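The residues making up each chain are set out below.
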Amino acid sequence: MPIRIDNDLPVKSTLENENIFVMDYKRAETQDIRPIDILILNLMPLKEDTELQLLRSLSNTPLQVNITFVRTSSYESKHSSREHLERFYAEFADVKHRNWDGLIITGAPVEKMDFNEVEYWDELTGIMDWSDKNVTSTLHICWGAQAGLYYRYGINKILLPEKLSGVYPQRTYHKKTELVRGFDDEFLVPVSRYTAIDRDAVYANKSLNVVADSILTGPYLILDEKGKNVFAMNHPEYDTMTLDQEYHRDISRGLNPRIPFNYYPNDDPHNKPVKSWRCHANTLYTNWLNYYVYQSTPYDWTQRKTEDK
């Protein structure tokens, strides 16, 4: 897929070196097609790492996709430069006047906090309310998924006795559901969190459909009745070394973390991890873009406004 991003975005050169097709604005404007406009609310502390991970994951479809990164105005990231944020990120006030085909809400390192204690909670819930009428489909990732399930369905998170970290097997259900089309019966996904969601509450809610689950880590892929909101409880977009970086970061903080499950060969942190989840991650993002965004969005958004009246 040609990803359309700002030519000066630092991760652009990395993507091009990986043979990912990145299209500049001038070339994109010469193509007589209707591109997909995706808004990414990046709540992760290391913005550039998450940018790169998501853009890799969104790069495996023939669709042309315009990417716009957005940040919160009620909280300023302490781990990314103000120059980077001001140059490459819009504030919500700058984008809310128009409609978007898709929205991605990332995870955030605030999962031990009560939702209402998060500094930007009111702004986030306002964005979720806005997305109901202005976005075709929203993909919530990890803490973003927990936040969406709590705000929309009252399903709370549960603090775990220790951090879940590793590459865990998942089981696919309801294979005719487009989100998991092409998935194997079992597949792997990176997990990195201190909390879980109430499994019983999820399965009891008739508005939600669990299409992938794990005995070890709980429900993974959940969607509402029409796929307008998709919840991915884990981190399919993670790079090969992301869990390794988190593991050594936690060691440096004196947290005495467990070795990530099923990650290092022979459970030896001196061994380079084996990437074992990318194919299903790419399929997930491709299915979401195709079936829940592209196939559901009218060519002209004014048509959607007419249909909604």
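Refer to the structure presented above.
So, here is what we can say about the structure in this document. Predicted model, so just to flag it, every value in this text is computed and none were measured. All residue numbers refer to positions counted from 1 along the written sequence of the respective chain. The predicted nature of this model means local features are confined to residues of pLDDT at least 70 and side-chain atom pairs, given and counted, to a pLDDT of 80 or more, with totals for whole chains, interfaces and linings taken over all residues. Note: side-chain values were computed over all heavy atoms of the structure, leaving out hydrogens and water.

**Observations regarding helix α9 (residues 242–252)**
Structural remark: α-helix, 3.6 residues per turn; residues separated by three or four positions point the same way. Per-residue accessibility, obtained with a 1.4 Å probe over protein chains only, is compared with the maximum for each type, and a residue is labelled buried under 20%, exposed over 50%, and partly exposed between these values. Comment: elements are numbered from the N terminus, with helices defined as DSSP H or I runs of at least four residues and strands as E runs of at least two. Among the residues making up α9, those that are buried are Thr242, Leu243, Asp244, Glu246, Tyr247 and Asp250. Where α9 ends, the next residue or the one after it, glycine 254, has phi of about 75°, a positive value.

**What about the nonpolar core?**
Put simply, a nonpolar core is a bunch of buried Ala, Val, Leu, Ile, Met, Phe, Trp, Tyr and Cys residues held in one set by side-chain atoms that sit within 4.5 Å of each other. Counting residues in each nonpolar core, the largest one holds 38 residues, and the members touching the most others are Ile38, Leu179, Leu221 and Trp288. Ranked by the residues each element gives to this core, the list is headed by helix α10 (residues 278–293), at 6 residues. Those residues in contact with leucine 179 that lie beyond four places of it in its chain are Val211, Leu221, Leu223, Val230, Leu284, Asn287, Trp288 and Tyr292. Residues Leu39, Val70, Phe92 and Leu124 belong to the second largest nonpolar core, which totals 23 residues. Throughout, a contact is declared for two residues whenever any of their heavy atoms are within 4.5 Å.

**Structural notes on the packing of aromatic side chains**
Here a Phe, Tyr or Trp ring, Trp counted by its six-membered ring, pairs with any other such ring whose centre lies within 6.5 Å, and the pair is stacked when the planes are under 30 degrees apart, edge-to-face when over 60, and tilted otherwise. Across all of its chains, the model carries 15 aromatic pairs by this definition. For the pair phenylalanine 187 and tyrosine 220, a centre-to-centre distance of 6.0 Å together with 45° between the ring planes defines the contact as tilted. Remark: tyrosine 220 occurs in strand β11 (residues 218–224) and phenylalanine 187 occurs in strand β9 (residues 186–197); sequence separation between them is 33 residues. Both residues of the pair, phenylalanine 187 and tyrosine 220, belong to the buried class. Clustering of aromatic rings is evident, with ring pairs tying together Phe115, Tyr120, Trp121, Trp143, Tyr150 and Tyr151.

**Thoughts on the side chain of asparagine 42**
Structurally, the position occupied by asparagine 42 is in the loop between β3 (36–41) and α3 (47–57). By the criterion applied in these results, polar contacts are pairs of N or O atoms within 3.5 Å in which, for protein atoms, one can donate a hydrogen and the other can accept it, and in which residues neighboring in sequence qualify only through two side-chain atoms. Within polar-contact distance, the side chain of asparagine 42 engages the side chain of tyrosine 89 at 2.9 Å. Apart from the residues lying within four places of it in its own chain, the contact partners of asparagine 42 are Lys47, Thr50, Glu51, Val70, Tyr89 and Thr106.

**Remarks on empty space enclosed by the protein**
Method remark: on a 1 Å grid restricted to protein atoms, a set of points is classed as a cavity if a 1.4 Å probe fits but cannot get out and as a pocket if it is open with protein on both sides within 12 Å along at least five of seven lines; lining residues have an atom within 4 Å of a point. Grid points are joined across faces, edges and corners, and a volume is the space filled by probe spheres set on the points. Within this structure, the stated rule accounts for 2 cavities of 30 Å³ or more. One number sums up the size of the largest cavity: a volume of about 50 Å³. Elements with a contribution of two residues or more to the lining of the largest cavity: β9, β11 and α10. Of the residues assigned to the lining of the largest cavity, the class counts are 10 nonpolar, 1 polar and no charged. Roughly 30 Å³ of internal volume is contained in the second largest cavity. Around the second largest cavity sit Met44, Thr50, Leu54, Thr106, Gly107, Ile141, His235 and Glu237, which together line it. Under the grouping applied here, Gly and all other residues not named as nonpolar or charged are polar, the nonpolar ones being Ala, Val, Leu, Ile, Met, Phe, Trp, Tyr, Cys and Pro and the charged ones Asp, Glu, Lys and Arg. Residues that form the lining of the second largest cavity fall into these classes: 3 nonpolar, 4 polar and 1 charged.

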